[in-house]
Amino acid sequence: MIIVLLGPPGAGKGTQADRLSARLGIPKIATGDVLRAAVKQGTRGGLDAKAYMDRGDLVPDSVILGILQEVMTSPSAAKGAILDGAVRTVPQAEGVGIMLAEIGRKVDKVLLFDVDDNELVKRLSGRTVCEGCQTPYMGREAGTRCEKCGGTLVRRKDDEPEAVRNRLQVYRRQTEPVIQWYKDHKMKVNKIDADGPVDTVTARALEALEHPDGKQ
Ligand code: AP5
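What this report covers is the structure whose coordinates are included nearby. Source: prediction; values computed, not measured.

## Focus: the state of the cysteines
Right, on to step 1. Applying the stated rule across the entire model yields 0 disulfides.
Right, on to step 2. The thiol sulfur of Cys130 is not disulfide-bonded, and the nearest other cysteine sulfur, from Cys149, lies at 3.4 Å.
Right, on to step 3. Among the cysteines around Cys146, which has no disulfide bond, Cys133 carries the closest sulfur, lying 3.7 Å off.

Listed below in structure tokens is the structure:
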């Protein structure tokens, strides 16, 4: 099953993608994580992406589609994948559709995580992430250790207030049209109330995935 996760920054896509991945036995593909790993390694692509990411702008579509082409055709995605924040513009939605059609596959489900802006800002201003495995945490100080891999927790540069404001605007302007694009292409966009305990949100997402009809 190929699942697209949509939602504004801080909606909990990464948190839920990890849980759904463990539950469904398919990998999570998070373009943000791939890009941050490239920045950390200091690759040419990573250095090019860094300036966009730090100010909260989107990295060019061609870069994202290049990443997705590589991972979606790799054996690790043979059983399916959870695309976490990997489709953020209409050209990306079109590109992913074409790419999947070429290998005889398609997007099966679209989940939209819905949270109001005040809660998003609160979450992002309190978030630290592991610089190793990228697990996000709430209420944990930068400099402490990750429970999963022992890596150091850090603040993300794009979680500073100015970048967060820009990310929310970019989401409204460039990513929200993707919701309509999927509806126009006869895909049901399952809106998940993503405010509430993490376990409850996971249960809501699983319920939406188990619903048999992925079409509108
Ligand atoms: P990316 O890393 O994907 O950032 P994002 O989409 O802005 O999403 P976030 O990681 O901020 O939030 P999330 O929804 O995953 O929430 P999380 O689970 O962490 O992308 C970063 C940048 O890379 C982009 O700005 C762009 O530059 C570039 N990029 C990536 N993909 C791209 C693409 N396709 N095209 C172009 N550019 C691209 O949760 C947030 C916090 O809330 C955490 O602390 C978590 O612990 C907490 N939390 C989670 N759930 C709950 C809950 N239910 N209740 C309370 N707290 C919760």
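## What about the layout of surface pockets?
Right, on to step 1. Empty space within the second largest pocket amounts to approximately 400 Å³.
Right, on to step 2. In this structure, the second largest pocket is lined by 16 residues; those nearest its centre are Arg36, Val39, Val154, Arg156 and Lys157.
Right, on to step 3. Sorting elements by how many residues they give to the lining of the second largest pocket places helix H2 (residues 31-41) first, with 4 residues.
Right, on to step 4. Here the lining of the second largest pocket is built from residues that sort into 6 nonpolar, 1 polar and 9 charged.

## Here we look at the side chain of Thr128
Right, on to step 1. Position of Thr128 among the secondary structure elements: in strand S5 (residues 127-130).
Right, on to step 2. Using a relative accessible area of 3% as the deciding quantity, one classes Thr128 as buried.
Right, on to step 3. Within the structure, Thr128 has its side chain in polar contact with the backbone oxygen of Arg140 (distance 3.0 Å).
Right, on to step 4. Other than its neighbours up to four places away in sequence, Thr128 contacts Thr135, Pro136, Tyr137, Arg140, Glu141, Ala142, Leu153, Val154 and Arg155.

Calculation criteria
Residues numbered from 1 in each chain as written. Predicted model: local features only at pLDDT ≥ 70, side-chain atom pairs only at ≥ 80, totals over all residues. Heavy atoms only, no water. Disulfide = S-S within 2.5 Å. 1 Å grid on protein atoms, 1.4 Å probe; cavity = no way out; pocket = protein on both sides within 12 Å on 5 of 7 lines; lining within 4 Å. Points joined across faces, edges and corners; volume = space filled by probe spheres on them. Helix = DSSP H or I, 4+ residues; strand = E, 2+ residues; numbered from the N terminus. Nonpolar A, V, L, I, M, F, W, Y, C, P; charged D, E, K, R; others polar. Buried < 20%, exposed > 50% of the residue type's maximum accessible area, 1.4 Å probe, protein only. Polar contact = N/O pair within 3.5 Å; in protein donor to acceptor, adjacent residues only side chain to side chain. Contact = heavy atoms within 4.5 Å.

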